[in-house]
Amino acid sequence: ELTYIGLCQSCTNTLHFFNSSLPIVPPFWPRSCTMVAMTGEEQHGNGSDDDCLHVNEIKNHPRITAEEEEQERAYLGKEEKLLAYADLSGCRPIDLVRLEDFEREISYLSPSRKEALHKGYTLRQARQFLFIENNDPKRAAERMARYWELRAKNFGEQAFLGENTFRTLDDHRRIFEMAQKALKDEEVDLLTRKWADHCVDKWNRAYSLYLDKELNEIQPEHKVALMEAQTAMPNLTSNMDHKIMFLMSEDYDAQRAAHRMVRYWDFKVNLFGSTFVAHDLMEEHSREMSLSFFKILPGTDTSGRALLCMFPGRVLEGGYSVEGILKIMWCTFHQVLDNKACKEKGIVLLVILKGHGKPSKDLWKFASKMIHLIFNCVPIKIRAIHDCSPPGAWFIMKFAPILKWIIGKKMRMRYWIHGGPDEQILADLRACGISINQIPSEIGGDLDFESLERVSLN
């Protein structure tokens, strides 16, 4: 599971897991640089040009310490750990695979046997039946169906009441995901498909109403751009798909989705104004486009997620327009959103840090805007971040703890700094479902970005 502590490289890069039996290799955090506590001058710098990042905000910015990270991981629930690992590694832990196989077998049962089961399904019961049947998904599904058939027959509606049948948010989310998968499975019978369609529609409509409620509670002066968009483009802003896009990006947390939607329209109006034509971007920001700072990688990973790649070092030379780069990033994200599968499954972000120098004051200001765009505005689900080839101690000791604080607890569990030689980084990325043909040549992959750039420009 994703709770781990790293050992120094001199200790053979071994990892210790708390309460874990997963046969996987998680992110490596060398204790010698990232797992130590930073206090006093170690943390904030001594104010010299060599030690600090030339920005006063760096010294006083909140940050996450190694101890706080360890404590967070120690208190993660089982489902959180499994999902975080699945997102970061691109692999489904065996516990999730068994659960998915079990739910698939449930969908293949005859319709008459599933009504009571669907009504009483909980995750804890599902795992209990799997355990009883030695993780045989078909036998566990049959047994659970018989249990609920008999229970409903003997107790009627009372069968679905009581502490043992109480559903948590994780249970409701799991049923929703089960229904989504049933809709895509051609072997599922018509009645099950009808149940699944009703379940998904009911979920989406309910959360759309929750989102509207949260938006209404935001003061008008704090959502001016959104209100203008609602007046100018009512068909878009009131569209169910538009709302679901923001809900999905926040795991159906209606309050967070509402604030993301407000920030999205604020950012868009500040960046583009009231009108925007793609042709204008090509003409006004041709130099920024030639930097290839932010690109969509070909294909998807083995989990069907889009891959985006960023080269922060390419903007160090100066002479570029921050506005132009942010516009390019905005349009790139919306290219990804045009792909329905990637919209549903999210994206994986590769950040190539090789050769990256110390950031200047201007670059820090740009970085804060870029981070705000990626993590707070665009309605897209970032499944994992892979920072490759950290450029030096300043990044690990100073910038990374601040970045971790900004991206929040959930994203911290899905953030991996890949150090070491290129061969190790390639092995790590391939283990996460990213093929060598998708990995840029800058870190040893086979992807020629110059060729890709020519195709993109055409």
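All values reported here derive from a predicted model rather than from experimental measurement.

Quick notes on the rules
Residues numbered from 1 in each chain as written. Predicted model: local features only at pLDDT ≥ 70, side-chain atom pairs only at ≥ 80, totals over all residues. Heavy atoms only, no water. Helix = DSSP H or I, 4+ residues; strand = E, 2+ residues; numbered from the N terminus. Contact = heavy atoms within 4.5 Å. Expected span 1.5 Å × (residues − 1). Buried < 20%, exposed > 50% of the residue type's maximum accessible area, 1.4 Å probe, protein only. Arc of directions from axis to C-beta. Polar contact = N/O pair within 3.5 Å; in protein donor to acceptor, adjacent residues only side chain to side chain. Salt bridge = Lys/Arg side-chain N within 4 Å of Asp/Glu carboxyl O. pLDDT = per-residue confidence, 0-100. Phe/Tyr/Trp six-rings, centres within 6.5 Å; stacked < 30°, edge-to-face > 60°.

### Quick word on the overall build of the protein chain
Phase 1: In terms of helices and strands, the protein chain carries 22 helices and seven strands.
Phase 2: Sequence-distant contacts in the protein chain: of pairs separated by 6 or more residues, those separated by 24 or more amount to 70%.

### Here we look at helix α8 (residues 137-155)
Phase 1: Here α8 is 19 residues long and its end C-alpha atoms lie 27 Å apart, about the 27 Å a rise of 1.5 Å per residue gives.
Phase 2: Listed as buried for α8 are Ala140, Ala141, Met144, Ala145, Trp148 and Arg151. For α8, the buried positions fall inside an angular range of 135° around the axis, keeping them on one side. Of the exposed residues in α8, those oriented more than 90 degrees away from the buried face are Lys138, Leu150, Lys153 and Asn154.
Phase 3: Buried residues belonging to α8 abut α5 (94-108), α6 (111-120) and α7 (123-132).
Phase 4: The backbone nitrogen of lysine 138 has a side-chain oxygen 3.2 Å away, supplied by the residue at the start of α8, namely aspartate 136.
Phase 5: Phi turns positive, to about 60°, at glycine 156, one or two residues after α8.

### Some thoughts on the pattern of salt bridges
Phase 1: If you walk through the whole model with that rule in mind, you get 28 salt bridges.
Phase 2: A salt bridge links arginine 127 to aspartate 95; its shortest N-O distance comes to 2.9 Å. Here arginine 127 is found in helix α7, whereas its partner aspartate 95 is found in helix α5, with 32 residues between them in sequence.
Phase 3: According to the relative accessible area criterion, arginine 127 is buried, its value standing at 18%.

### Concerning the confidence of the model for the protein chain
Phase 1: Mean pLDDT for the protein chain: 79, with 79% of residues reaching 70 or above.
Phase 2: Below a pLDDT of 50 lies the segment residues 1-55, which in the model reaches 113 contacts outside its immediate sequence neighbourhood of four places, other chains included.

### Focus on unusual backbone geometry
Glycine aside, a negative phi is what most residues show, and trans is what most peptide bonds show.
Phase 1: We note that asparagine 135 has phi near 65°; this positive angle belongs to a residue other than glycine.
Phase 2: Within the element layout of this structure, asparagine 135 appears in the loop between α7 and α8.
Phase 3: You can call asparagine 135 partly exposed: its relative accessible area is 31%.
Phase 4: Backbone geometry places aspartate 251, a non-glycine residue, at a positive phi of 50°.

### Quick notes on helix α21 (residues 422-431)
Phase 1: Listed as buried for α21 are Ile425, Leu426, Asp428 and Leu429. Angular distribution of buried residues about the axis of α21 spans 160°; they occupy a single face of the element.
Phase 2: Buried residues along α21 sit against β5 (347-352), β6 (382-388) and β7 (415-418).

### Focus on the packing of aromatic side chains
Phase 1: With the rule as written, the count across this model stands at 16 aromatic pairs.
Phase 2: Measuring from ring centre to ring centre gives 5.4 Å for tryptophan 148 and phenylalanine 160, while their planes differ by 5°; the resulting arrangement is stacked. Residue tryptophan 148 is found in helix α8, and its partner phenylalanine 160 is found in the loop between α8 and α9 (169-184); the two are separated by twelve residues along the sequence.
Phase 3: A residue is classified by how much of its surface remains accessible, and phenylalanine 160, at 17% relative accessible area, is buried.
Phase 4: Where phenylalanine 267 meets tryptophan 330, the ring centres are 6.1 Å apart and the plane angle is 5°; that geometry is what we call stacked.

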